[in-house]
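Structural overview
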Amino acid sequence: MPDTITITDDRTGKTVTVPIEGGVFPASAIRELDPSLFVYDPAYLQTAACKSAITYLDGDNGILRYRGYPIEQLAEQSTYLEVAYLLLNGELPDSTQLAQWKSDVTSHTFIHENMRKRFVDGFHYNAHPMGMLVSALAALGTFYDDAKDTDDKASRDKQILRLIAKTPTLAAMCYRFSVGLPFVYPNNDLSFPANFLNMMWRVGDYNVDPRLERAMDVLFILHADHEQNCGTTAMRVVGSSHADPYSSAAAAASALYGPLHGGANEAVVHMLAEIGSLDNVPAFIEEVKSGTGGRLMGFGHRVYKNYDPRATIIKQTAYEVFEVTGKNPLLDIALKLEEVALSDSYFIDRKLYPNVDFYSGLIYQALGFPVAMFTVLFAIPRMAGWLAHWQELLGDKEQKISRPRQWYAGVEARDYVPLAAR
Ligand code: CMC
């Protein structure tokens, strides 16, 4: 069987044959047939917008790999900082490289005092921390003149380091502001996850429980990248205009904020709390199926049509966290929901399984994070993925500024009608 596809334009009889590689054929075939012919593909369901060597995802078989390494092995054996290095550089670091990378990230954790004193203090007292983080990321770029030098590799590397290192600081600062607590400066003697937990929770004495530190790191690893999702696509689209990476990351974070994307873990906890008790689960499922109760949040995925491997690891991590913190009372409702949904033909037929957000919210809540911080916790590690894609995009000779076409469905030309005549 030839690995080609032949397309015939029946209007003209013209035929084009192009290769199929990795399940993809070039849209240049359409251009060759007729440069004014376009493919209508809302939400890019059937469109590969780039070549990428960062993350492999096989949704039918529940496989996720970063740079070829299975997510299960990374979650068990690696650390978030090592994974960030892997995503950005393509290979795991050796011990010298890892020591240097850790030291570089650690020495960039502080932020300019004006970010806190003048910028963050200007928010309304009950501002949502994710809204604050989105704005703070864009604002951070204004402190660095060299941020706009996106053609210069040394400058790109510098901004990457800054964004990886400072995002947890910004995130913790947004939280502390929202509860009226004084800001805790980074402690560069601590690991990446322990420093974040310390900036979040320190009031007087605070020692990070190593089991919770590890759980935080695993959650960071699981969320570090997920190929061309909505947020990463936003990063690439904005980055393709050669905007600075802070502005691009703010766009990516804005996309992540939505309840169909990173905001889903927040929605899951609200949903579980609303269900309230095990007895209400069957009625809730019926409402979801009939379309009167909204969606079963934390279920379903555009790509995973078998199971989300991150959900399996997170469920295990949840039990490890609950051993330290005590069980989240919503866990039983979540388990029941999962059980009922997985045996119901509505969900089976549509291949709807728990996704990464189904259990992550329960862990975050057990760790003491308020619901409004959940998407922020997703954004911290996703920064590594966003930046890896941004860097890949800028080095890709086949890429240009993103500029899709449209299928115009509006009215045809008509003459302007003066106000008095309308
Ligand atoms: N609950 C009930 N029905 C659902 C759900 C759900 N969670 N998800 C999809 N469906 C149904 C949908 O109504 C449709 O049914 P029908 O064919 O009868 O019209 C069918 O399944 C296909 O849905 P879709 O909307 O075409 O699927 P999609 O690929 O566009 O959406 C999704 C993917 C993740 C947005 C969607 O499954 C969803 O809204 N899930 C709930 C929100 C959620 O958990 N999001 C987190 C995603 S994972 C984290 C991340 O990567 O950001």
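Throughout this document, residue positions are counted from 1 along each chain, in the order its sequence is written. pLDDT decides what is reported in this predicted model: residues at 70 or higher carry local features, side-chain atom pairs at 80 or more are listed and counted, and totals for whole chains, interfaces and linings draw on all residues regardless. Hydrogens and waters are ignored; side-chain quantities use all the structure's heavy atoms.

What to know about the pairing of strand S4 (residues 63-66)
Exposure is judged per residue with a 1.4 Å probe applied to protein chains only, and the accessible area is read against the type maximum: over 50% gives exposed, under 20% gives buried, and values in between give partly exposed. In DSSP terms, a helix is any run of H or I states spanning at least four residues, a strand is any run of E spanning at least two, and both are numbered starting from the N terminus. Of the two faces of S4, only one is covered, namely that formed by Leu64 and Tyr66; the face formed by Ile63 and Arg65 stays uncovered. Following DSSP output, two strands are said to pair if at least two bridges run between them. The antiparallel pairing of S4 with strand S5 (residues 69-70) creates a hairpin that spans two residues between the two strands, and Arg67 there sits at a positive phi of about 50°.

Side note on the pairing of strand S2 (residues 14-19)
The pairing of strand S1 (residues 4-9) with S2 spans six bridges and is classified as antiparallel. Within S2, the position partnered with Ile7 by the bridge is Val16. The turn linking S1 back onto S2 is made up of four residues, and Gly13 within it adopts a positive phi angle of 80°.

Some points on the site of the ligand
Any residue with a heavy atom lying within 4 Å of a molecule or strand is counted as near it. Near the ligand, the surroundings consist of 19 residues, among which His261, Arg295, Leu296, Gly298 and Arg302 are the closest. Identification of polar contacts relies on pairs of N or O atoms within 3.5 Å, with a donor-acceptor requirement for protein atoms, meaning one able to donate a hydrogen and the other able to accept it, and with residues adjacent in sequence counted only if both atoms are side-chain atoms. At 3.3 Å, a backbone N or O of Leu260 approaches a nitrogen atom of the ligand. All accessible-area figures derive from a Shrake-Rupley calculation using a 1.4 Å probe, and residue coverage is judged against the displayed protein chains alone. In isolation the ligand has 940 Å² of accessible area, and contact with the protein removes 73% of it. Per-class residue counts for the shell around the ligand are nine nonpolar, six polar and four charged. Nonpolar residues are Ala, Val, Leu, Ile, Met, Phe, Trp, Tyr, Cys and Pro. Charged residues are Asp, Glu, Lys and Arg, and all others, Gly as well, are polar.

Describing the pattern of salt bridges
Opposite charge on two side chains permits them to pair, given that their charged atoms come into close proximity. A pair is scored as a salt bridge if a Lys or Arg side-chain nitrogen falls within 4 Å of a carboxyl oxygen belonging to Asp or Glu. Within this structure, the stated rule accounts for 16 salt bridges. Two residues, Arg116 and Glu113, come together in a salt bridge whose shortest N-O distance is 3.0 Å. With Arg116 and Glu113 both in helix H5 (residues 113-119) and three residues apart, this pair spans about one turn of that helix. Taking the shortest distance from any N to any O, the salt bridge between Lys327 and Asp332 comes out at 3.0 Å. Relative accessible area serves as the criterion here: at 49%, Lys327 is assigned to the partly exposed category.

Keep in mind that these numbers describe shape and distance, not what the molecule does.
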